[in-house]
Amino acid sequence: QVQLVESGGGLVQPGESLRLSCAASGSIFSTFDMGWYRQAPGKQRELVAAITKSGTTNYADSVKGRFTISRDNGKNTVYLQMNSLEPEDTAVYYCSAEVRITLASFVNKYWGQGTQVTVSS
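Note that the structure is predicted; figures quoted are calculated from it, not measured. (Residues numbered from 1 in each chain as written. Predicted model: local features only at pLDDT ≥ 70, side-chain atom pairs only at ≥ 80, totals over all residues. Heavy atoms only, no water.)

## What about the environment of Phe106?
Right, on to step 1. You can see Phe106 is positioned in the loop between strand E9 (91–100) and strand E10 (107–111).
Right, on to step 2. Residues within four places of Phe106 in sequence aside, it is in contact with Val99 and Arg100. (Helix = DSSP H or I, 4+ residues; strand = E, 2+ residues; numbered from the N terminus. Contact = heavy atoms within 4.5 Å.)

## Focus on the pattern of salt bridges
Right, on to step 1. For the coordinates displayed, the defined rule picks out five salt bridges.
Right, on to step 2. The residue Glu86 makes a salt bridge to Arg66 at a minimum N-O spacing of 3.8 Å. Taken together, the residues span a long stretch of sequence, with Glu86 in the loop between strand E8 (77–82) and E9 and Arg66 in the loop between strand E6 (57–59) and strand E7 (67–72) at a distance of 20 residues.
Right, on to step 3. The exposure class assigned to Glu86 is partly exposed, which follows from its relative accessible area of 33%. (Salt bridge = Lys/Arg side-chain N within 4 Å of Asp/Glu carboxyl O. Buried < 20%, exposed > 50% of the residue type's maximum accessible area, 1.4 Å probe, protein only.)

## Here we look at the side chain of Thr115
Right, on to step 1. Among the secondary structure elements, Thr115 is positioned in strand E11 (residues 115–119).
Right, on to step 2. The exposure class assigned to Thr115 is buried, which follows from its relative accessible area of 12%.
Right, on to step 3. At 3.4 Å, the side chain of Thr115 and the backbone nitrogen of Gly9 are in polar contact.
Right, on to step 4. What Thr115 contacts, discounting residues up to four positions off in sequence, is Glu6, Gly9, Leu20, Ala91, Val92 and Tyr93. (Polar contact = N/O pair within 3.5 Å; in protein donor to acceptor, adjacent residues only side chain to side chain.)

## What about the packing of aromatic side chains?
Right, on to step 1. Scanning all chains against the criterion turns up one aromatic pair.
Right, on to step 2. Lying over the aromatic face of Tyr79, Arg19 brings its terminal NZ or CZ to 4.1 Å of the ring centre.
Right, on to step 3. Cation over ring: Arg45 sits above Tyr94, and NZ or CZ is 3.8 Å from the ring centre. (Phe/Tyr/Trp six-rings, centres within 6.5 Å; stacked < 30°, edge-to-face > 60°. Lys NZ or Arg CZ within 6 Å of the ring centre and 35° of its normal.)

## A word on the state of the cysteines
Right, on to step 1. Summed over the entire model, instances satisfying the criterion amount to one disulfide.
Right, on to step 2. Shown here is the disulfide that connects Cys22 with Cys95, its sulfur atoms set 1.9 Å apart. Residues Cys22 and Cys95 are joined through a disulfide that is right-handed, its torsion about the S-S bond being 40 degrees. Of the two residues, Cys22 sits in strand E3 (residues 18–26) while Cys95 sits in strand E9, which places them 73 residues apart along the sequence. The same class applies to Cys22 as to Cys95, namely buried. (Disulfide = S-S within 2.5 Å.)

## Remarks on the side chain of Arg38
Right, on to step 1. Here Arg38 is to be found in strand E4 (residues 30–39).
Right, on to step 2. The exposure class of Arg38 is buried, given its relative accessible area of 6%.
Right, on to step 3. A distance of 2.9 Å separates a polar atom in the side chain of Arg38 from a polar atom in the side chain of Asp89.
Right, on to step 4. Setting aside residues up to four positions removed in sequence, Arg38 forms contacts with Gln44, Arg45, Glu46, Val48, Ser62, Val63, Phe67, Glu88, Asp89, Ala91, Val92 and Tyr93.

Following this line, the structure appears as structure tokens:
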């Protein structure tokens, strides 16, 4: 069993910053790609940013230059630093992790429960 626990969401004003954290725990043999997705009301879930185990990153065009994804492999934790937040960034943010629970198992994708980010004046 693998659990992903997010923290760091909240209500901020436009232009402010937030830092999200997501820690993976449980029966983890190895963690591969980790990422952040978001889902706004009435919209589909979309990829915000992703990071490989070696540190290669990928961002949605809408957040490039404002958001930074990073990870601590020793802690199985992924972070999302969000700067210059805009009302359009308002959504529930979910973290994901691709995990192998044993040497012989397949790699499965796990999800956190989501954390609300609201940007409003």
